[in-house]
Amino acid sequence: MRRLLLLLLWSAVALADTRYEIDLGQAASRTLLITAETECLKADCDFQLPVWNATYQIRDFAQYVMGFEAKRASGEKLPVRLVSPSRWRVEAAPGERLQVRYWYFADSPGPFGCSASRWHVFLNFAQLLVYPVGRLREPMSVAFRTRPAAWKIALELPEQDGAFRARSYDELVDAPAELSAFAEASFQAAGRRIRVVVDAQPDDYDMSRLESTARKVVQAATEIMQDVPFPSYTFIYHFREGGGGGMEHANSTAIDAGTPCRDCDVQGVTAHEFFHLWNVKRIRPQSLEPIDYTGENITPSLWFSEGVTSTYGTYIQLQAGLESRDAFLHRLGEEITRHDEIPAHLTQSAEESSISAWLERYPAYGRPARSISYYLKGELAGYLLDLVIRHDSGNRASLDDVMHRLNAEYAQKGRYFEDTAAIERLASQAAGHDLKEVFDRLVRRAEPVDWGHFLSYAGYRLTPSSEMRPTLGIEMSRAPGRGPVIADVTPNGPGEKAGLRAGDRLVSINGRPLKRPLTDELQALRLKPGSKITLAVESRGETKTFRATPKFERRTVYRIEEVRGTDAAAKAVREGWLRAGRIQQNTN
């Protein structure tokens, strides 16, 4: 009798879940057929498609939906009414099992979208799977039909009877899917299986290099955090023309890079995205919960969830032997230079930049006079907070202790931290005294930063120099899904003379995709006055080529140098900050 009751209970649960099926039969035409089967809770059964996902932008994925219809289990059609641009209402009886079906146009390549073609399909489920309103927290599953025989599936969810299962919609959509005849490698690290999945032309990447990088990143990150919170993990890489960026998920990441990439640098984005499995995925601010898929989820904590993740991306590379301390210090000087050149560093705080993230889709917001990146502000704040904690504690504590406490007190207990207040509290405990003024200066207020003061804790000073550097007279911003976009063009400057316009997307310079800030890309070309460059620009859906002659302007550039006669305490802080003594042997 007890066994029968358990079977009946399981059957009831199985019938109450929501089951998705994605038909790949029309993938070559970039079209997918989506079917969702579920049970109505009331007479009006609403289905909602999220309006945002992957980036902090309203992107209205309903623009890709076609032919939404519903029917009963018997096959009889049910009335459907559109009640908002992203919500459909089906008239059905309470408790009735029904099916909705629609077509989806998947033509947004990259880690932040959904794309389908004759050679692969990549999916962020929140962008194409409607959810039954009121049932987000119930079990869900997804299966695939008409999959080419040579195609495999990379998806970090448990599979049972041909379907991938999740405990909720949140869990389902936090696992992207790659379906193709991808290449892959796997290894054991920290006692877990790690997969490296690549969809690209074989000549465009080096699998052994990717595997080595991933192995070093996983080892260093789990050592830093003293934690392995995932059952397994998958790195999904795409290499394509114009590619760039990465997107974190609970137990996987999708990373995009331009081609060719046999020896290109993906270690930074690999380290950053992997560390996200703690910071933002498990160590999560209260302001981002519960997730609202129907509108903006505003938070003041992206300076920490994204910016300090970049801090730890660097620490992982240092500890993994993937970046030298000299290279780091040079890059840090460049980042300080860039920060102080942006006028908005004096008008927008790290918290304000976080709150305003939802404005980033507008090119005008990206102008340096208007905004500064929470990535940049937060990463630099992370380095300085680490120096403060190390200095004030006599190098007995560090920012690592703050991360460990956030992990233990919040992530591992299923709690969400109280935004900046929680970080300040734990940092103050680590430092041994109240750090409110430090947080006010670095996080809550927009004011000049005394870089030399903080760097002196590690026996360094900031040295300015004057250099002539090339400029195009344009200001750039990053539009999600589009990459570097021209936000403003200086009248009569090199860019305007060449024909560039605000709103155009800058694809490449001299055939090289943009992977760094424009000033850094121009500097790397080692141009001389009068040199001409070739710009590939996407304007109104058409790619055009322009020739431009950069203008040379005098800039103040900062470099970080050791202070002679540094005392033992500062040297100890320096060695701890730069991960000395913990660096892995680099076997590349």
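Residues numbered from 1 in each chain as written. Predicted model: local features only at pLDDT ≥ 70, side-chain atom pairs only at ≥ 80, totals over all residues. Heavy atoms only, no water.

A. Representation of the packing of aromatic side chains within the structure. Enumeration according to the criterion identifies 33 aromatic pairs in this entry. On the basis of an interplanar angle of 25° and a centroid distance of 5.8 Å, the ring pair of Phe 235 and Phe 274 is categorised as stacked. One end of the pair, Phe 235, is in strand 19 (residues 232-239); the other, Phe 274, is in helix 4 (residues 267-275), with 39 residues separating them in the sequence. Across the pair, Phe 274 and Phe 235 agree in class, each one buried. (Phe/Tyr/Trp six-rings, centres within 6.5 Å; stacked < 30°, edge-to-face > 60°. Helix = DSSP H or I, 4+ residues; strand = E, 2+ residues; numbered from the N terminus. Buried < 20%, exposed > 50% of the residue type's maximum accessible area, 1.4 Å probe, protein only.)

B. How the structure looks around the sheet that holds strand 7 (residues 87-91). Read from one edge to the other, the open sheet built from 4 strands follows the order 6-7-3-11, with strand pairing classed as antiparallel. Each of the sheet's edge strands pairs with one partner strand only, and the pair in question is strand 6 (80-84) and strand 11 (131-132). Direction of pairing for strand 3 (residues 44-48) relative to strand 7: antiparallel, over a ladder of 5 bridges. Bridge assignment links Gln 48 to a residue of strand 7, and that residue is Arg 87. (Pairing = 2+ DSSP bridges.)

C. How the structure looks around the nonpolar core. Counting 89 residues, the largest nonpolar core has Phe 274 and Trp 577 as its most contacted members. Look past the residues within four positions of Trp 577 in its chain and what remains in contact with it is Tyr 315, Phe 328, Leu 329, Leu 332, Tyr 383, Asp 386, Leu 387, Arg 390, Leu 455, Ala 458 and Tyr 460. Counting 64 residues, the second largest nonpolar core, distinct from the first, contains Leu 24, Leu 32, Cys 40 and Ala 166. (Core = buried A, V, L, I, M, F, W, Y, C linked by side-chain atoms within 4.5 Å. Contact = heavy atoms within 4.5 Å.)

D. Representation of the state of the cysteines. Per the stated rule, a full pass over the model turns up 2 disulfides. Disulfide pairing places Cys 40 opposite Cys 45 at an S-S distance of 2.5 Å. Each member of the pair Cys 40 and Cys 45 is classed as buried. The side chain of Cys 261 participates in a disulfide bridge whose partner is Cys 264; the two sulfur atoms lie 1.4 Å from each other. By relative accessible area, which is 12% here, Cys 264 ends up buried. Of note for the protein: the bonded cysteines, numbered N- to C-terminal, pair according to 1-2, 3-4. (Disulfide = S-S within 2.5 Å.)

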